[in-house]
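Structural features, examined
Listed here are the chains, written in short residue letters.
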Amino acid sequence: MNASEGAAHSNPELPALCTHDVLSTSDLFYVHFDERGCSVTLGFSRVHGSEGVEFFLRFPGVRDVRVRGWGAPGQKDVHVERAADGTVQVSASSDGSSLRFRAADATLSRTRNFRAEWSS
């Protein structure tokens, strides 16, 4: 899948970061609904030792949004799957909260590496 913001929607593959193992062991720290583009952007963060990475997944053409409560940033049970009709089904849940929606596609819109630990 093209990692640029305006990636073409012809490729049926989801970004490699969309696996349940990667998303559910990352901290979901950012959720942005953009009514102008009818999209949702989810931001995740992962830390391994002193290195970390943030990545943002953008979902254009969003519909059927359901939100029930919302907990603090942190690990959630996150699923991103391509449905038989070609849409992308997304769910993120934790105790007492859930987010679900369908989207036309999923793109990796941005990544950023950072130092997670500074030594003196």
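Scroll up to find the structure.
To keep things clear, this report deals only with the structure shown in the data block. (Residues numbered from 1 in each chain as written. Predicted model: local features only at pLDDT ≥ 70, side-chain atom pairs only at ≥ 80, totals over all residues. Heavy atoms only, no water.)

1. Focus: the sheet that holds strand S1 (residues 27-34)
Across the sheet, 5 strands lie side by side as S5-S1-S2-S3-S9; this open sheet has antiparallel pairing. The sheet is open, and its two borders are formed by strand S5 (74-75) and strand S9 (107-115), each paired with just one other strand. By the bridge criterion, 7 bridges tie S1 to strand S2 (residues 39-48) in an arrangement that is antiparallel. Pairing of His32 across the sheet is with Thr41, part of S2. (Pairing = 2+ DSSP bridges. Helix = DSSP H or I, 4+ residues; strand = E, 2+ residues; numbered from the N terminus.)

2. Description of the sheet that holds strand S4 (residues 63-68)
The 4 strands are arranged S4-S8-S7-S6 in an open sheet whose pairing can be described as antiparallel. What marks the edges here is a single partner per strand, and that holds for S4 and strand S6 (77-82). Sheet twist, expressed as the mean angle between neighbouring strand axes with direction ignored, is 5°. Relative to strand S8 (residues 97-103), S4 is paired through 4 bridges, and the arrangement is antiparallel. From the neighbouring strand, Arg68 faces S8, where its bridge partner is Ser98. (Axes fitted to C-alpha atoms, helices over the stretch in contact; angles between N-to-C directions.)

3. Here's the deal with the environment of Cys18
Mapping Cys18 onto the fold places it in the segment before helix H1 (20-24). For Cys18, a relative accessible area of 4% puts it in the buried group. Between the C-alpha atom of Cys18 and that of Leu57, which follows or precedes it by 39 residues, the distance is 8.3 Å. (Buried < 20%, exposed > 50% of the residue type's maximum accessible area, 1.4 Å probe, protein only.)

4. Regarding a nonpolar patch on the surface
Taken together, the side chains of Val31, Phe33, Val65, Val67 and Trp70 make up a nonpolar region of the molecular surface, amounting to roughly 410 Å² of accessible area. Tracing the backbone through its elements, the reader meets Val31 in strand S1. Residue class for Val31 comes out partly exposed when judged on its relative accessible area of 31%. (Patch = residues over 30% accessible without salt bridge, like charges linked within 9 Å, V, L, I, M, F, W, Y side chains within 5 Å. Areas by Shrake-Rupley, 256 points an atom, 1.4 Å probe, with all protein chains shown as cover. Salt bridge = Lys/Arg side-chain N within 4 Å of Asp/Glu carboxyl O.)

5. Things to note about the side chain of Ser24
Topologically, Ser24 is positioned in helix H1. Under the relative-accessibility criterion, Ser24 is labelled buried at 14%. Excluding residues that lie within four positions of it along the chain, Ser24 makes contacts with Gln75, Lys76, Asp77 and Val78. (Contact = heavy atoms within 4.5 Å.)

6. Regarding unusual backbone geometry
For Cys38, which is not a glycine, the phi torsion comes out positive at approximately 50°. With respect to the helices, strands and loops of the structure, Cys38 is situated in the loop between S1 and S2. Judged by relative accessible area, Cys38 falls into the partly exposed class, the value being 39%. Despite not being glycine, Asp64 shows a phi value in the positive range, around 55°. The class for Asp64 is partly exposed, based on a relative accessible area of 44%.

That's the geometry; what it means functionally is another story.
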